[in-house]
Every structure is written in C-alpha cells, then in structure tokens.
Amino acid sequence: MDTTVKPLFLVGYMGCGKSSLGRRLARRLGVALVDTDTLVEQQEGASVADVFRYEGEERFRELERSVVERVAASGEACIVATGGGLPTWSDNMEMLSK
C-alpha cells in the first residue's frame, strides 16, 4: 500500500470555485492551500494576465506546469487550486493523476 502523502488537485472551468472550495477544504483538513496562478505570479513578478500578454500562453502553461511538478514532488499534503486551462494543456491531466 502506498502511504505517500500527495497533494489533492482541484480542476475545473475558470471561475467555477476551485479556490473558494480549496480554501474551505484546506481549512477543514488542516493543510495548506496552494493556488497555481498565485505561485506563477510570485515566481514571475507579474500577473497571469501580463504573462499571457507579454510572453504568451505557451510560456504561461510552461510556468504553470513547472509549478505543478514542484508541488507534486514536494510530497506535501495540500489542496491545489489549478488554473482553468491546466487540464487541457499537454499531458497535464495524466501527470495530475499520478
């Protein structure tokens, strides 16, 4: 039996409530909430909108993917609110399922 602690990834359409649900769930479980958009913004020192505008969607999706990989590799028990487009890009859903 695999007893490794893993993050729980919330996926869904933009604006469907992933962050709101994530906050409540994280509080109830006593774990951290991680928001991938917030981590990308902190890493880049720019808003998601600015990353899209000046660097393009492909660059944003690469940054988002690297954030998710880092969170997954941390082994930290946490709730992760992903960006609305994350599941549609590349093989992200396969990666999240692992």
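Refer to the structure presented above.
Residues numbered from 1 in each chain as written. Predicted model: local features only at pLDDT ≥ 70, side-chain atom pairs only at ≥ 80, totals over all residues. Heavy atoms only, no water.

J.: What should I look at first to understand the packing of helix α2 (residues 36–44) against helix α4 (residues 57–74) in this one?
T.: What describes two packed helices is the angle between their axes and the distance between those same axes. Contact pair α2 / α4: the axes reach a minimum separation of 9 Å and the direction vectors enclose 110°. Taken together, the axes of α2 and α4 lie roughly perpendicular to each other. Across the interface between the two elements, Thr36, Asp37, Leu39, Val40, Gln43 and Glu44 of α2 pack against Arg59, Phe60, Leu63, Glu64, Ser66, Val67, Val68, Arg70 and Val71 of α4. Residue classes in the contact of α2 with α4 are distributed as seven nonpolar, three polar and five charged. (Axes fitted to C-alpha atoms, helices over the stretch in contact; angles between N-to-C directions. Helix = DSSP H or I, 4+ residues; strand = E, 2+ residues; numbered from the N terminus. Parallel < 35°, antiparallel > 145°, perpendicular 65-115°, else oblique. Contact = heavy atoms within 4.5 Å. Nonpolar A, V, L, I, M, F, W, Y, C, P; charged D, E, K, R; others polar.)

J.: Honestly, the state of the cysteines in this entry has me stumped. Any pointers?
T.: A covalent bond between the sulfur atoms of two cysteines is what we call a disulfide. Applying the stated criterion across every chain yields a total of zero disulfides. Note on Cys78: no disulfide assigned, nearest cysteine sulfur contributed by Cys16 at a separation of 18 Å. Using a relative accessible area of 2% as the deciding quantity, one classes Cys78 as buried. (Disulfide = S-S within 2.5 Å. Buried < 20%, exposed > 50% of the residue type's maximum accessible area, 1.4 Å probe, protein only.)

J.: Even after reading the chapter, I still don't get the sheet that holds strand β1 (residues 8–10), so can you show me in this structure?
T.: Remark on secondary structure: sheet strands pair via backbone hydrogen bonds, oriented parallel or antiparallel. Strand order in the open sheet formed by three strands is β1-β3-β2, with parallel pairing between adjacent strands. What marks the edges here is a single partner per strand, and that holds for β1 and β2 (32–35). Shown here is a sheet whose adjacent strand axes are inclined to one another by a mean of 25°, direction ignored. Note: β1 against strand β3 (residues 78–81), three bridges, orientation parallel. Opposite Leu8, over in β3, you have Ile79 as the bridge partner. (Pairing = 2+ DSSP bridges.)

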